Amino acid sequence: MVVEKDYKRMSVDSVLKELKTSRDGLSSEEAKRRLEKYGPNEIPEKKVNPILKFLSYFWGPIPWMIEIAAVLSAIVKHWADFWIIIVLLAMNGIVGFWEEHKAENVIEFLKQKMALKARVLRDGEWKVIPARELVPGDIIRLRMGDIVPADVKLIDGDYLMTDESALTGESLPVDKKVGDIAFSGSLVKKGEMTAVVIGTGMNTYFGKTVQLVESAKTVSSFQKMVIKVGDYLIIISLILVSIVFLVAIHRHESLVEALRFSLVLMVAAIPAAMPAVLSITMAIGALNLAKKQAVVTKLVSIEELAGVDVLCSDKTGTLTKNELTAGDPVPFNGYTESDVILYGALASREEDKDPIDLAIINSLERFGLKDVIKKFRQVKFRPFDPVIKRTEADITNDEEFRVAKGAPQVILDLCDASEEVRKEATEKVDELAAEGYRALGVARTRNGKWEFVGIIPLFDPPRDDAPKAVKTIRKLGVNVKMVTGDHIAIARHIAKILGLGTRIVSMSQLLKAKRDSEVERLAEEADGFSEVFPEHKFRIVDALQRAGHLVAMTGDGVNDAPALKKANCGIAVSGATDAARAAADVVLLQPGLSVIGHAIEEARRIFQRMESYVIYRITETIRVLFFVTFAILVFNFYPITAIMIVLLALFNDAPILAIAYDNVVTPRKPVQWDMYKVLILSTLLGFVGVVSSFLLFYIAERVLLLSRPEIQSFIFLKLAVAGHLTIFVTRARGHLWEKPYPSKLLFWSAVITKALATLIVVYGIFVTPIGWKLAGLIWVYALAWMLIIDEAKVIILRRMEVF
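Residues numbered from 1 in each chain as written. Predicted model: local features only at pLDDT ≥ 70, side-chain atom pairs only at ≥ 80, totals over all residues. Heavy atoms only, no water.

**A word on the overall build of the protein chain**
- Broken down by element type, the protein chain carries 29 helices and 22 strands.
- Here the protein chain holds 803 residues, and 55% of them are scored as buried.
- A separation threshold of at least 6 residues defines the contact pool for the protein chain, and within that pool the share at least 24 residues apart is 72%.
- Accessible surface computed for the protein chain: about 35400 Å², of which carbon and sulfur atoms make up 58%. (Helix = DSSP H or I, 4+ residues; strand = E, 2+ residues; numbered from the N terminus. Buried < 20%, exposed > 50% of the residue type's maximum accessible area, 1.4 Å probe, protein only. Contact = heavy atoms within 4.5 Å. Areas by Shrake-Rupley, 256 points an atom, 1.4 Å probe, with all protein chains shown as cover.)

**Brief notes about a negative patch on the surface**
- Judged by side-chain charge, Glu420, Glu424, Glu427 and Asp430 come together as a negatively charged surface patch.
- Mapped onto the elements of the fold, Glu424 is located in helix H16 (residues 419-434). (Patch = residues over 30% accessible without salt bridge, like charges linked within 9 Å, V, L, I, M, F, W, Y side chains within 5 Å. Salt bridge = Lys/Arg side-chain N within 4 Å of Asp/Glu carboxyl O. Lys, Arg positive; Asp, Glu negative; His and termini not counted. Charge placed at Lys NZ, Arg CZ, Asp CG, Glu CD.)

**Structural notes on the pattern of salt bridges**
- Enumeration over the complete set of coordinates arrives at 40 salt bridges.
- Salt-bridge contacts for Asp328 lead to Arg366; the nearest nitrogen and oxygen are separated by 3.3 Å. A residue pair is termed long-range when its members are at least 10 positions apart, and Asp328 in the loop between strand E10 (325-326) and strand E11 (330-331) and Arg366 in the loop between helix H14 (355-362) and strand E12 (377-385) qualify at 38 residues.
- Judged by its relative accessible area of 53%, Asp328 falls in the exposed class.
- A salt bridge links Glu701 to Arg702, with the shortest nitrogen-to-oxygen separation between them at 4.0 Å.
- Exposure remark for Arg702: the relative accessible area of 55% places this residue in the exposed category.
- Connected via shared salt-bridge partners are Arg382, Arg390, Glu392, Asp394 and Arg402.

**Remarks on the packing of aromatic side chains**
- Overall, the coordinates contain 17 aromatic pairs when judged by the stated rule.
- Taken together, a centroid distance of 5.3 Å and an interplanar angle of 65° make the contact between Phe332 and Phe452 edge-to-face. Within this pair, whereas Phe332 is found in the loop between E11 and helix H13 (337-346), its partner Phe452 is found in strand E16 (residues 449-459), the two being separated by 120 residues in sequence.
- Its relative accessible area of 6% is what places Phe332 among the buried residues.
- Taking the centre distance of 5.2 Å and the plane angle of 85° together, the rings of Phe747 and Trp748 count as edge-to-face.
- Geometry around Phe401 places Arg444 over its ring, the cationic atom sitting 4.1 Å from the centre. (Phe/Tyr/Trp six-rings, centres within 6.5 Å; stacked < 30°, edge-to-face > 60°. Lys NZ or Arg CZ within 6 Å of the ring centre and 35° of its normal.)

**Quick look at the sheet that holds strand E21 (residues 569-572)**
- Read from one edge to the other, the open sheet built from eight strands follows the order E8-E22-E21-E20-E9-E17-E19-E18, with strand pairing classed as mixed. Lying at the two open borders of the sheet, with one neighbouring strand each, are strand E8 (294-296) and strand E18 (504-506). Each strand axis lies, on average, 20° off the axis of its neighbour in the sheet, ignoring direction.
- Inspection of the sheet shows E18 paired to strand E19 (residues 528-530) by three bridges, in the parallel sense. Within E19, the residue paired with Val505 across the bridge is Phe529.
- Contacting strand E9 (310-314), strand E17 (479-483), E19 and strand E20 (551-555), helix H21 (residues 534-546) crosses the sheet at an angle of about 170° to E20. (Pairing = 2+ DSSP bridges. Axes fitted to C-alpha atoms, helices over the stretch in contact; angles between N-to-C directions.)

Following this line, the structure appears as C-alpha cells:
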C-alpha cells in the first residue's frame, strides 16, 4: 500500500469513510481486531539466525589462531592439548555469544522503556498508549515536540509545521494544514492538530520508524580506549611472540611445535574477552540505572555521565515541583481581579494539561467564575508558540473578541501599552519576582484593539528533595547551575532557597559580552542563568565546553534538542517531548534532581569497574608475555607449555565477568579515561609480576631442585593463583584490605577457579603433579607478592598524582 497515492487526493470525509472510522475514533474492541489484522505499528527487525550468530564467533583473526593451534596439536598428536584448545575455542564462543545476547536483552529492555507514546481517541476518551498499538482508523492528537507515530491524514486544527529531514533530507520545515499527510518519523516543530491514522508499520511512506534507542556502536572515548589498549597489547604481543618464534627456528626446534606455541601465546596475550567484559559491565550498569529511573539511550552514555563536571538543570519540574499556583491577580486599565483570571482562563485549554493553563483554570473556583466561564465559547485556540511567545484564543458569547496570555513584556508590546502602564507593570513584575513569583500578562481585544487586562502571579515551589540533591551532586564534584526562563529576581530567589548561590547571569548580559573569553568567564562563574529561551541553552553549553568543562544539560521541549545533542550528556527530564528524548543520552522516568545524582553515582561505579578490569588485563598480559619470552631467550627454557597457556586463559577470563557485579567506592570527582595513568600503572605492575615469577623460578630450580617438568607445573600454578589475585589489587585505589570488599560473586569465582588450578597441578591432570606441599608454598608466595604488588600500586598512584 503506497500511502501517498491512496490518500493524498482524497477528502477528509472520504478517508474516514474508506477507513470505516469517524471523528469520535474507534472502540477498543475494533482497535483490537485491527491490531490483529494489520499487526503492530513497528518495523520488524531483521533477526539473525542464533546458530549462524553462534558460529560467527569461530570466524575471525583470534578464532583462526586458536583453530590453527588445534590443527597443529592434532598433527603432532598432542591430543590432550588438542581437546583443551577445542574447549578454549568453545568457551570463547559460548561466553561471547551469551554476553552479547545479555547485552542485546538490556538494549531491548531500554527500547521498551523509551517506546514512543501516542494520544489516541478510543471509546470517546483521549488516552495515551504505546505507538506500536496504533491501527489505521485511529484518531490521534499531534502537538509541538511529538514525533509523528504513523502516517496520518490531518483532519482538524489550524496548522502543523513538521521537520521531515529524517525522511527526505530536506532541512526546511514543511507547513501542513487540514487534508495534508504527515509522515511517520517526522517531527512536529509547531502547531497542534487532530489526525486519522492511515498507515502503520511497513505500510508507512518511509517504512522505517525513528529509532530512539541506539546500541553502543557510536565512536566514543570508550571505543577509542578499547582500540588503544588492544593496539598496545597486540603490538607488544606480536614483537615478543615473533622473537620467540625466530629464536626457536634459530635453535633448530620443531617448526610445527614453535608455531603452535607462538600461536597459543598470542591467543593468551590478546584481550579477546575485553570487549565482552566491558560491554556486559555497561549493560548490567544500564539495568541498575533503569532501576533508578534513568534510562540510557546508548550504553556508552554511561561513560559520558561519569565524566560530567557541570550540570545545567532546568528549574521547572527538576528543581521545583512544577505545581504552579496562581496568586492574587493585579488588574490594569479598570479591569477587576476576576476579569484577569477569566480572560486568562479563556486563553487556556484544559485538555492540553499545560501547568500554566491548569493553574489559572483551577483558580476559577476561588473567584466564583466556574459557571461564568460556561457562557463563553472558545472558537479557536492557538497553543503557545515559542516564536511569538504567547497563547491566543478566539472567543464568542454576546460579542466576538480575542484573548492572549504570555510573558508580560510580550503582552505589553502586543497591546502597544503607554509608557505609564508599561512602567507600572514592569515595577509590579519586579516586585513579584523578588518574592519568587513568575508573572503572566493577560490581554483581550475590544473593537479590534488589544487592551492590557492585568498580571497573574504564579509560584512554583522548590521540590522538597532539591536542596539535599544539589548538596549531594556538588559533593560529587559537579557544579550545578540553574537554567530558567524566569526574571532574574525570581531566579535569584529560588537559587537562594535551593542553596545554589545568588550569582545569576541574565541571558541578555551573556549575549552582550563581546569576547569569547568574557562569555566563558560569565558562564563559569554563574550559579544560574535567567530569562533563558530554549535556543539560548546551546550557547550556554558551548561556552562551558570551550572553557574546558564536560557538561550535562537537562531539557524537555523540542527546542531543547540542539542543546541536548551538543552537551556531553543530554538529559531528557520526566515527561519530555519525543524530540527531546530522541536527542538525549539519558532519559529520566521520574521528576527531580535526586535521580540525576543517583545516575551520576551509578555511572561512576560502572566506570570504576571497567577501569579495574582494563588495568588488570594489561598487567596480566605483560606479566605472562615478558616472563615467558625472557625465560626462553635467557634460559632456553619454556617455563609453561602450550596447554598450560590455554588453561591460564580459561581460568583467568571465564570468572572475570563477575567484575560487572563488584562493589566499588563511588569516586567523589568526575572520572575519565586517563590512558597515560592506565598504561603506566598496568605496565609497572606487570613488570613487578615478572620479577616475582623469575624469583620463584630461581627458588624452584636452585633451592627446591625441581625437574624441568615440575618447574613448569610450579610456575603454571603461580601464574594461575597470582593472576586472579591481581584483580583484587587493581579493583582498589587504596590498599586492597580497605572497604568496600569484593562482591561475593567476584571473590568466590576467584577462589573456585584457583582451587581447580591447584587440583590440576596437585594431581597431575594434563600436567606433571607436584603435591600439596609445593602447592601450599605457591599459595603463600602468591599471597605475599599480592601485598607487595598492592604496595607498589599505592606508591605508583601517589607519585602519578604528584606529577
